[in-house]
Amino acid sequence: MLKNAVSFSHDLLKQTIVPGDLVIDATVGNGNDTILLAQLTGSRGTVIGFDIQASAIEKTRQKLLLTGLGERVTLHQVGHENAESYLPKNKEIGAIIYNLGYLPGGDKSITTLKDSTIKSIVSLLPHLRIGSLLIIVIYSGHPAGTEEKDALLQFSEQLDQKEFSVLRYQFINQKNEPPFIIAIERRK
Ligand SMILES: C[S@@+](CC[C@H](N)C(=O)[O-])C[C@H]1O[C@@H](n2cnc3c(N)ncnc32)[C@H](O)[C@@H]1O
């Protein structure tokens, strides 16, 4: 059975993360990805999460408290374009996930934007472990989303194939622009 983009992104995370990893949630939102990351990294792992909205950080913090996973997660109310300066020294990243667009149930005018998203990806890719994945779930059905989608496709299509394998996972016969995935594997 073919999976939707979010569910496929979770399968990819399960394949790439090993217990004890440092992993990044670049868009914390309602915390669904953060919780999965915390489960996959285990008690010795570390999740660092970023979101610009206080409501997203607070809601996710509450969820982490309820699930007992909070100790392995650090959340920052900071744009992911600044993520690099929050990384521990000398530790490779086991996986990075972006779930773009606006906060479901929140203010739809606050969205990820092409320039800061690409700046963030460029700064984090060199810290990714060889063989691991940076996964982007892209929603293009809102005004800033179309621009962001085009910019991300242009950016990822020109990545050197000797250094990165880039996958696009997308349903091509669905209406209303369903989300799709770009997954970038670091090869060397
Ligand atoms: C689609 S939601 C994320 C959903 C989330 N991954 C989940 O599992 O619930 C996108 C989030 O990106 C956040 N965002 C927007 N610009 C951002 C930026 N520059 N840095 C980090 N987060 C940002 C929004 O505030 C919003 O909460």
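Quick notes on the rules
- Residues numbered from 1 in each chain as written.
- Predicted model: local features only at pLDDT ≥ 70, side-chain atom pairs only at ≥ 80, totals over all residues.
- Heavy atoms only, no water.
- Axes fitted to C-alpha atoms, helices over the stretch in contact; angles between N-to-C directions.
- Helix = DSSP H or I, 4+ residues; strand = E, 2+ residues; numbered from the N terminus.
- Parallel < 35°, antiparallel > 145°, perpendicular 65-115°, else oblique.
- Left-handed = near helix turned anticlockwise from the far one by under 90°.
- Contact = heavy atoms within 4.5 Å.
- Core = buried A, V, L, I, M, F, W, Y, C linked by side-chain atoms within 4.5 Å.
- Buried < 20%, exposed > 50% of the residue type's maximum accessible area, 1.4 Å probe, protein only.
- Near = heavy atom within 4 Å.
- Polar contact = N/O pair within 3.5 Å; in protein donor to acceptor, adjacent residues only side chain to side chain.
- Nonpolar A, V, L, I, M, F, W, Y, C, P; charged D, E, K, R; others polar.
- Salt bridge = Lys/Arg side-chain N within 4 Å of Asp/Glu carboxyl O.

With an unreviewed UniProt entry as reference, the chain is termed Methyltransferase domain-containing protein, source organism Jeotgalibaca ciconiae.

**A word on the packing of helix 4 (residues 114-124) against helix 5 (residues 143-157)**
Interhelical geometry of helix 4 versus helix 5 gives an angle of 30° and a closest axis separation of 9 Å. Between helix 4 and helix 5, the angle is such that the two are roughly parallel. In terms of crossing hand, the pair formed by helix 4 and helix 5 is right-handed. For the pair formed by helix 4 and helix 5, the contact residues are Lys114, Thr117, Ile118, Ile121 and Val122 on the first element and Glu147, Glu148, Ala151, Leu152 and Phe155 on the second.

**Notes on the nonpolar core**
If you look at the biggest cluster of nonpolar residues, it comprises 29 residues, and the most contacted ones within it are Tyr98, Leu125, Leu134 and Ile136. For this core, the secondary-structure elements that each account for two or more residues are strand 1 (22-25), strand 2 (46-50), strand 4 (93-99), helix 4, strand 5 (128-138), helix 5 and strand 7 (180-186). Aside from chain neighbours lying at most four places away, what touches Ile136 is Tyr98, Leu100, Ile121, Leu152, Phe180, Ile181, Ile182 and Ile184.

**So, unusual backbone geometry**
Backbone geometry at Asn90 places phi at a positive 55°, although glycine is not the residue there. Along the chain, Asn90 falls in the loop between strand 3 (73-76) and strand 4. Positive phi, close to 45°, is recorded for Glu177, a residue that is not glycine. Checked against the element boundaries, Glu177 lands in the loop between strand 6 (164-169) and strand 7.

**Here we look at the site of the ligand**
Around the ligand, a shell composed of 23 residues is seen, among which Thr27, Asn30, Asp51, Gln53 and His80 lie nearest. Separating a nitrogen atom of the ligand from a side-chain N or O atom of Glu81 is a distance of 3.0 Å. Counted by class, the shell around the ligand contains eight nonpolar, twelve polar and three charged residues.

**Some details on the pattern of salt bridges**
Counted under the stated rule, the structure contains three salt bridges. Taking the shortest distance from any N to any O, the salt bridge between Asp11 and Lys3 comes out at 2.9 Å. Take Lys3: its relative accessible area is 34%, and that puts it in the partly exposed class. Across the salt bridge formed by Lys149 and Asp150, the nearest N and O atoms sit 3.8 Å from each other.

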